[in-house]
Amino acid sequence: MSGSLNEGLIGGTGLYVIAAIDANHNGSVDIARRLIDHARESGAHAVKFQKRTPQHAGVRGVLERSLRQYPTLGDSVGALLTKLDFAVDDLARLAEYAAPELDFLLAPYDLRALEDTLAVGPTGIFVDAPMAIHVPLLAGIAAAGKPVLACTGGCSAREIEQMIEILGARLVALFASMHPSASELADLRMIRWLRKFGYRVGFSDHSPDTRIAAMAFLLGTQVVEKRLTLSRGMEGPDHARSLTPAEFSEFVALARSLANVETADPLEFVDLEEADGLDAERPSLVAAHAIPKGTTLTADQIAIKAPSRGLAPSLLPDVVGRRTLYDLEEDEFITFGVIE
């Protein structure tokens with residue numbers, strides 16, 4: 001089996017299954033290696049990890065928020081993100097461990113994380129749904145020269161079109177996604193609508209169910225992302241929504257059978273429904289530090305952090321050069337109500 005992204009996805013037409021490990025390694029390289037082993041044994045084509053700079057992942061109020069549900073992983077959001085973030089050297093060793101059978105995909109969540117991602121040298125870069133509106137990050141990804149796979153979950157039609165325009169020739173696949181806040185019908189209709197852009201269309205399924213992904217295959221999708229865990233009972237934010245190794249192997253076998261089924265023309269896309277459940281992770285513009293009233297804003301005074309309560313990152317050029325109407329504290333959300 002070939003594990004090459006260039007052979008398996010760019011210009012290809014065959015099945016391509018991504019085992020999304022994401023945060024399910026719980027900060028343990030040993031667990032990550034075991035998950036890579038299971039992905040390889042299942043017949044998957046790629047494994048995917050995420051890369052964050054924890055202090056840039058959200059505003060201070062979010063990072064300091066108390067957590068009690070994962071006692072061994074951290075007592076705050078910031079501590080949890082720090083625990084779940086692998087160093088560059090660890091990720092590089094995991095990429096080497098996955099090769100040559102598996103592609104190694106990384107999903108960066110900020111510009112510093114993108115630098116670390118490129119230092120690892122992944123096969124390709126994945127744009128997770130919350131980062132689809134992070135315009136500076138998208139521009140950096142496009143400039144990196146790596147193949148890009150991008151998820152459109154929670155995006156409006158305009159945001160999808162903007163992301164495609166920025167990523168340009170680096171983009172090889174667009175993913176519709178299954179999130180608990182969106183209707184299943186809307187997710188499946190997105191597959192049809194995304195085809196008009198001319199890229200391979202994938203399905204990102206963040207649930208322990210396989211029925212919706214099976215329907216996606218029957219609609220012609222042959223690229224899919226499913227989360228993999230050692231056990232749904234493990235501590236951590238994503239385990240309960242993932243497949244166990246045995247389930248993942250069964251899913252890959254199902255995918256292989258359904259990906260070869262000739263299907264009728266799918267339903268026409270009627271309406272694009274935006275998912276609201278990603279607002280806690282989607283970034284917006286905030287003050288990088290305390291800024292006095294009357295300051296003419298420069299780019300280095302503005303940070304891009306979650307949650308999505310300020311202006312969208314795409315509006316950064318419109319905010320630079322405007323004066324503040326009030327004193328802004330560090331991490332305060334920038335809206336049109338606080339600038340001229």
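So, here is what we can say about the structure in this document. (Residues numbered from 1 in each chain as written. Predicted model: local features only at pLDDT ≥ 70, side-chain atom pairs only at ≥ 80, totals over all residues. Heavy atoms only, no water.)

1. Observations regarding unusual backbone geometry
Part 1: Between Ala99 and the following residue, Pro100, the backbone shows a cis peptide bond with an omega angle of 0°.
Part 2: Turning to its location among the elements, Pro100 is positioned in the loop between helix H5 (88-98) and strand E3 (103-108).
Part 3: Residue Pro307 follows Ala306 across a cis peptide bond; omega there is 5°.
Part 4: Among the structural elements, Pro307 can be located in the loop between strand E10 (302-305) and helix H12 (316-319). (Helix = DSSP H or I, 4+ residues; strand = E, 2+ residues; numbered from the N terminus.)

2. Focus: helix H7 (residues 135-144)
Part 1: For H7, every residue scored as buried is listed here: Val135, Leu137, Leu138, Ile141 and Ala142. Down the axis of H7, the sector holding all buried residues measures 160°, keeping them to one side.
Part 2: Lining the buried residues of H7 we find E3, helix H6 (111-120), strand E4 (124-127), strand E5 (148-151) and helix H8 (157-167). (Buried < 20%, exposed > 50% of the residue type's maximum accessible area, 1.4 Å probe, protein only. Arc of directions from axis to C-beta. Contact = heavy atoms within 4.5 Å.)

3. A word on the packing of H7 against H8
Part 1: With their axes 8 Å apart at the nearest point, H7 and H8 run at an angle of 35° to one another. Touching Val135, Leu138, Ala139, Ile141 and Ala142 of H7 are Gln162, Met163, Ile166 and Leu167, all from H8.
Part 2: In terms of residue class, the contact of H7 with H8 is made up of 8 nonpolar, 1 polar and no charged. (Axes fitted to C-alpha atoms, helices over the stretch in contact; angles between N-to-C directions. Nonpolar A, V, L, I, M, F, W, Y, C, P; charged D, E, K, R; others polar.)

4. A word on the packing of aromatic side chains
To describe a pair of aromatic rings, you give the distance between the ring centres and the angle between the ring planes.
Part 1: The tally for this structure, following the rule as stated, stands at 6 aromatic pairs.
Part 2: Ring centres 6.4 Å apart and planes at 50° place the aromatic pair Phe49 and Phe86 in the tilted group. Of the two residues, Phe49 sits in strand E2 (residues 46-51) while Phe86 sits in the loop between helix H4 (77-83) and H5, which places them 37 residues apart along the sequence.
Part 3: Residue class for Phe49 comes out buried when judged on its relative accessible area of 0%. (Phe/Tyr/Trp six-rings, centres within 6.5 Å; stacked < 30°, edge-to-face > 60°.)

5. As for the environment of Ser66
Part 1: Here Ser66 is to be found in the loop between helix H3 (60-63) and H4.
Part 2: Residue classification places Ser66 among the exposed residues on the basis of a relative accessible area of 52%.
Part 3: Separated by 13 residues in the primary sequence, Ser66 and Ala79 place their C-alpha atoms 9.5 Å from one another.
Part 4: If sequence neighbours within four positions are ignored, Ser66 has contacts with Asp75 and Ser76.

6. Looking at the packing of H6 against H7
Part 1: Put simply, H6 and H7 touch, their axes get as near as 10 Å, and they point 20° apart. Taken together, the axes of H6 and H7 lie roughly parallel to each other. Our pair here, H6 against H7, has a crossing hand that is right-handed. Across the interface between the two elements, Leu111, Leu114 and Leu118 from H6 touch Pro136, Leu137, Gly140, Ile141 and Ala144 from H7.
Part 2: Its residues assigned to classes, the contact of H6 with H7 shows 7 nonpolar, 1 polar and no charged. (Parallel < 35°, antiparallel > 145°, perpendicular 65-115°, else oblique. Left-handed = near helix turned anticlockwise from the far one by under 90°.)

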